[in-house]
Amino acid sequence: MDKPKKVKILKFHPEKCNGCLECEKACSMVHFKTKDGGDKSAIRIIKNGDRYQMHVCDQRGLCLDMCPVGALTRRKNGVVWLDKDLCIGCQACVGFCPINAMRKSVSRIQPFKCISCGACVRACPNGALELVEVKIDEIKEIVYHKLGV
């Protein structure tokens, strides 16, 4: 299988954000079938003074080699994907993620992360979010090689 060369990542336009958190609610619908947002959302909007910041997985894939059971892979579309059926809930990826974008919730044992589905983009009433395509080689970082390589 050819390795994906591009991936869509979220781009944030803070000047357009009013902190309504519709993006978080849409994300928690995708992951937990609830509009709770907050700890059930892979995207977080954080108020910093009079502006907002976005905190979300950037699809770099630093976590890929950290999963002891291979539940994290890069899909054909380039997105780093957690296979919930393979995941044993050890939380190694949550502890490792250098930007704390691998999330955990008390609702289930498997962690979760942004899957670049665009639900948050569609939910934002102000156009503060967009999915942009980037070359994986430009964002990818390798921390450890697979065993035996």
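Residues numbered from 1 in each chain as written. Predicted model: local features only at pLDDT ≥ 70, side-chain atom pairs only at ≥ 80, totals over all residues. Heavy atoms only, no water.

## Concerning the overall build of the chain
Link 1 in the chain: Regarding its fold elements, the chain presents four helices and eight strands.
Link 2 in the chain: Shown N-terminal to C-terminal, the secondary structure of the chain runs as helices and strands in the order β-α-β-β-β-β-α-β-β-α-β-α.
Link 3 in the chain: For a compact globule of 149 residues, the expected C-alpha radius of gyration is about 15 Å, and the chain comes in at 15 Å, within 12% of that figure.
Link 4 in the chain: Judged by the C-alpha coordinates and their principal axes, the chain covers about 50 × 35 × 25 Å.
Link 5 in the chain: Counting every position in the chain, which comprises 149 residues, the buried fraction comes to 42%.
Link 6 in the chain: In the chain, 62% of the contacts between residues at least 6 apart in sequence involve partners at least 24 apart.
Link 7 in the chain: A gap of 2 Å separates the mean positions of the 26 positive and 16 negative side-chain charges of the chain. (Helix = DSSP H or I, 4+ residues; strand = E, 2+ residues; numbered from the N terminus. Rg over C-alpha atoms; globule rule 2.2 N^0.38 Å. Buried < 20%, exposed > 50% of the residue type's maximum accessible area, 1.4 Å probe, protein only. Contact = heavy atoms within 4.5 Å. Lys, Arg positive; Asp, Glu negative; His and termini not counted. Charge placed at Lys NZ, Arg CZ, Asp CG, Glu CD.)

## Observations regarding empty space enclosed by the protein
Link 1 in the chain: According to the stated counting rule, one finds three cavities of 30 Å³ or more in the structure shown.
Link 2 in the chain: Lining the largest cavity are 13 residues, and of these C27, C114, I115, C117 and C120 lie nearest its centre.
Link 3 in the chain: For the lining of the largest cavity, the elements supplying multiple residues, two or more each, are helix 1 (22–32) and helix 3 (119–123). (1 Å grid on protein atoms, 1.4 Å probe; cavity = no way out; pocket = protein on both sides within 12 Å on 5 of 7 lines; lining within 4 Å. Points joined across faces, edges and corners; volume = space filled by probe spheres on them.)

## Quick word on the pattern of salt bridges
Link 1 in the chain: Taken as a whole and judged by the stated rule, the model has four salt bridges.
Link 2 in the chain: Among the salt bridges present, the one from K40 reaches D36, with a minimum N-O distance of 3.2 Å.
Link 3 in the chain: Overall, K40 belongs to the buried group, its relative accessible area being 17%. (Salt bridge = Lys/Arg side-chain N within 4 Å of Asp/Glu carboxyl O.)

## As for unusual backbone geometry
Link 1 in the chain: If you check the backbone angles, K33 has positive phi at about 60° while not being a glycine.
Link 2 in the chain: On the secondary structure map, K33 appears in the loop between helix 1 and strand 2 (44–48).
Link 3 in the chain: Unlike most non-glycine residues, Q59 shows phi in positive territory, near 65°.
Link 4 in the chain: The residue Q59 is located in the loop between strand 3 (51–55) and strand 4 (72–74) in this model.
Link 5 in the chain: Using a relative accessible area of 0% as the deciding quantity, one classes Q59 as buried.

## Looking at the side chain of R74
Link 1 in the chain: Tracing the sequence through the fold places R74 in strand 4.
Link 2 in the chain: Among buried Asp, Glu, Lys and Arg side chains, R74 stands out as unpaired, with D58 the closest opposite charge at 8.0 Å.
Link 3 in the chain: A polar contact is formed between the side chain of R74 and the backbone oxygen of R60, at a distance of 3.0 Å.
Link 4 in the chain: Dropping the residues within four chain positions of it, R74 is found in contact with P4, Q59, R60, G61, L64, V79, V80 and I136. (Polar contact = N/O pair within 3.5 Å; in protein donor to acceptor, adjacent residues only side chain to side chain.)

## Observations concerning the confidence of the model for the chain
Note: predicted coordinates in regions of low pLDDT should not be interpreted at a detailed level.
Link 1 in the chain: Taken residue by residue, the chain gives an average pLDDT of 92. The fraction at 70 or more is 93%.
Link 2 in the chain: Across residues 144–149, confidence stays below pLDDT 50; counting only partners more than four residues off in sequence or on other chains, it has five contacts. (pLDDT = per-residue confidence, 0-100.)

## Some words on a nonpolar patch on the surface
Link 1 in the chain: On the surface, V69, L86 and I88 cluster together into a nonpolar patch covering about 250 Å² of accessible area.
Link 2 in the chain: Topologically, V69 is positioned in the loop between strand 3 and strand 4.
Link 3 in the chain: When its relative accessible area of 34% is taken as the criterion, V69 is described as partly exposed. (Patch = residues over 30% accessible without salt bridge, like charges linked within 9 Å, V, L, I, M, F, W, Y side chains within 5 Å. Areas by Shrake-Rupley, 256 points an atom, 1.4 Å probe, with all protein chains shown as cover.)

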